[in-house]
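Observations on chain architecture
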Amino acid sequence: MNSTLFRYSYKRAFPLWLVFTVLMCLYSFAVVRMYDPVAGAALQALAQSLPQAMTVLGMADYGNTFTAFIVNYLYGMLMLALPMVFTILLSVRLVAQHVSRGTMAYLLASPNSRKCVTATQRNVLILDLFLMLAVCCAVTIILCEYFYPGLLAIKHFLLLTACIFALQLAFAGMCFFFSCKCRSAGRALTISAALCILFYTIRLLANLGGPFAFLRYATPYTLLDPVGILQSDLHACLLPLVLLAIAIVLFLLAGRSFRKRTLPF
């Protein structure tokens, strides 16, 4: 890894990271503050009146505890989608954009191998994702302990956040692969966004059940089981290891693809 390139890429990515992290923290604040007897009863009544709509959005009935409420509205929809959008944008910026602009030629003209460059950019992506989820998780815990001390099952919440990180790493590996594979930033962005949106749409359709129930096996979201994690189910806690394996394979394939390809110098 090249430390100079790492610092440069991290600084360039920081504004984008800050915007998405602030949005996620604001959403966390809104979710935590929604939990009170009046609003809680209203939301529960809404969920009971529109059960199918809530299920499609990923806001299933995880239980009537405070932790279940936070997980339901925090990780049901936006907290899955926002990091994914961030990953798409950043992965393209880290590799494909350099190729499109011709700056990759300058990077490789220095005493840095292609393996070193891709490893450095990969580490920037992984670190930014980790920090984003870590900050959001820490802010959520602090808010919960401040407004409703002792109600949040912190260990389960941390475990679920770690599993969410594994899921986002799998998507990051996929986006980074296409960023290394494609000859232009536009193509990498299009393919990465299309696949991520496709998987997310399949998840929404699978949540409908019935004739669409089989679709849940066609998306990485199947390997994330929030209900099982909250109940300390061993199988649910081990499934994200498959996501980690997928992420590792995709990152390795991304580096290999970039080393083997012909660049438009």
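Okay, so let's go over this structure. (Residues numbered from 1 in each chain as written. Predicted model: local features only at pLDDT ≥ 70, side-chain atom pairs only at ≥ 80, totals over all residues. Heavy atoms only, no water.)

**Structural notes on the overall build of the chain**
Under the convention used in this document: Helix and strand assignments come from DSSP, with helices taken as H or I runs of at least 4 residues and strands as E runs of at least 2, each series counted from the N terminus. Here, residues are in contact when the closest pair of their heavy atoms is within 4.5 Å. Note on areas: Shrake-Rupley, 1.4 Å probe, and residue coverage restricted to the protein chains presented here.
Along the backbone of the chain there are 12 helices and zero strands. Listing every helix and strand of the chain by position from the N terminus yields α-α-α-α-α-α-α-α-α-α-α-α. Long-range pairs, those at least 24 residues apart, make up 79% of the contacts in the chain between residues at least 6 apart in sequence. When the accessible surface of the chain is totalled, it reaches about 12,800 Å², and 70% of it is carbon and sulfur.

**Points about the nonpolar core**
The test is simple: For our purposes a nonpolar core is just a set of buried Ala, Val, Leu, Ile, Met, Phe, Trp, Tyr and Cys residues, chained together by side-chain atoms within 4.5 Å. Under the scheme applied here, a residue whose accessible area is under 20% of the maximum for its type counts as buried, over 50% as exposed, and between as partly exposed, the area being computed with a 1.4 Å probe on protein chains only.
Membership of the largest hydrophobic core comes to 83 residues, with the highest contact counts inside it found for I70 and F157. Sorting elements by how many residues they give to this core places helix α8 (residues 154-181) first, with 17 residues. The residues contacting F157, other than those within four sequence positions of it, are I70, V71, L74, Y75, C137, T140, I141 and L152.

**Section: the packing of helix α5 (residues 78-101) against helix α7 (residues 114-147)**
To describe two helices that pack against each other, one gives the angle between their axes and the distance between the axes. The test is simple: Note on definitions: angles span 0 to 180 degrees between N-to-C directions of axes, and those axes are lines fitted to C-alpha atoms, for helices only across the stretch in contact. By definition in this entry, angles of less than 35 degrees are roughly parallel, angles greater than 145 are roughly antiparallel, angles of 65 to 115 are roughly perpendicular, and the rest are oblique. In this scheme the handedness of a crossing depends on how the near helix is turned from the far one: anticlockwise by less than a right angle means left-handed, clockwise means right-handed. Ten residues, namely Ala, Val, Leu, Ile, Met, Phe, Trp, Tyr, Cys and Pro, are considered nonpolar, four, namely Asp, Glu, Lys and Arg, are considered charged, and the remaining ones, Gly among them, are considered polar.
Two elements in contact, α5 and α7, have axes separated by 10 Å at closest approach and are oriented at 160°. Our classification of the angle between α5 and α7 gives roughly antiparallel. Every pair of crossing elements has a handedness; the one defined by α5 and α7 is right-handed. Every residue of α7 that contacts α5 at M79, P83, F86, T87, L90, S91, L94, V95 and H98 is listed here: Q121, V124, L125, D128, L129, M132, L133 and C136. Its residues assigned to classes, the contact of α5 with α7 comprises 12 nonpolar, four polar and one charged.

**A word on the packing of α7 against α8**
One way to put it is that α7 packs onto α8 with a least axis distance of 10 Å and a crossing angle of 155°. Between α7 and α8, the angle falls in the class roughly antiparallel. α7 and α8 meet at a crossing whose hand is right-handed. Facing α7, whose interface residues are T118, Q121, R122, L125, I126, L129, F130, L133, C137, T140, I141 and E145, α8 presents I154, F157, L158, T161, I164, F165, Q168, L169, A172, F176 and C180.

**A closer look at the side chain of T219**
Structurally, T219 is set in the loop between α9 (185-208) and α10 (226-230). Excluding residues within four positions of it along the chain, T219 makes contact with F199 and I202.

**Re the packing of aromatic side chains**
For clarity, the cut-off: Any two of the Phe, Tyr and Trp rings considered here, Trp counted by its six-membered ring, make a pair once their centres fall within 6.5 Å; the pair's planes then place it as stacked at under 30 degrees, edge-to-face at over 60, or tilted in between. Working rule: Lys NZ or Arg CZ, within 6 Å of ring centre, within 35 degrees of ring normal, means a charge sits over the ring.
Inspection of every chain in the model, using the stated rule, returns 15 aromatic pairs. Judged by centre distance (5.7 Å) and plane angle (25°), the ring pair of F14 and W17 falls under stacked. One end of the pair, F14, and the other, W17, are both in helix α1 (residues 3-34), three residues apart, so they sit about a helical turn from each other. In this structure F14 comes out as partly exposed when scored by relative accessible area, which is 34%. A relative accessible area of 10% means that W17 is categorised as buried. Pairing Y146 with F147 gives two aromatic rings, centres 4.9 Å apart and planes at 85°, and the pair type is edge-to-face. What makes F147 partly exposed here is its relative accessible area of 28%. Three or more aromatic residues joined by ring pairs form one cluster here, namely F29, F66, Y146, F147 and Y148. A cation sits over an aromatic face here: R114 above F258, 5.8 Å from the ring centre. Cation over ring: R203 sits above Y221, and NZ or CZ is 5.3 Å from the ring centre.

**Overview of the state of the cysteines**
Formally, a disulfide is one covalent bond, and it connects the sulfur atom of one cysteine to the sulfur atom of another. Here is the rule: The disulfide criterion used throughout: a pair of cysteine sulfur atoms within 2.5 Å.
Per the stated rule, a full pass over the model turns up zero disulfides. The thiol sulfur of C180 is not disulfide-bonded, and the nearest other cysteine sulfur, from C182, lies at 9.7 Å.

**Regarding a positive patch on the surface**
Note the cut-off: A patch consists of residues whose relative accessible area exceeds 30% and which take part in no salt bridge; residues with like charges are grouped when within 9 Å of each other, and nonpolar side chains (Val, Leu, Ile, Met, Phe, Trp, Tyr) when within 5 Å. When a carboxyl oxygen of Asp or Glu is within 4 Å of a side-chain nitrogen of Lys or Arg, the pair counts as a salt bridge. This count recognises Lys and Arg as positive and Asp and Glu as negative, with His and chain-terminal groups excluded. Where a charge lies is defined by one atom per residue type: Lys uses NZ, Arg uses CZ, Asp uses CG and Glu uses CD.
There is a patch of like positive charges on the surface, built from K115, K181, R256, R259 and K260. Counting residues per element, the positive patch draws most heavily on helix α12 (residues 240-260), which supplies three residues. Along the chain, K181 turns up in helix α8.

**Quick notes on helix α4 (residues 66-74)**
Burial runs high along α4: nine of the nine residues are buried. For α4, the set of buried residues is F66, T67, A68, F69, I70, V71, N72, Y73 and L74.

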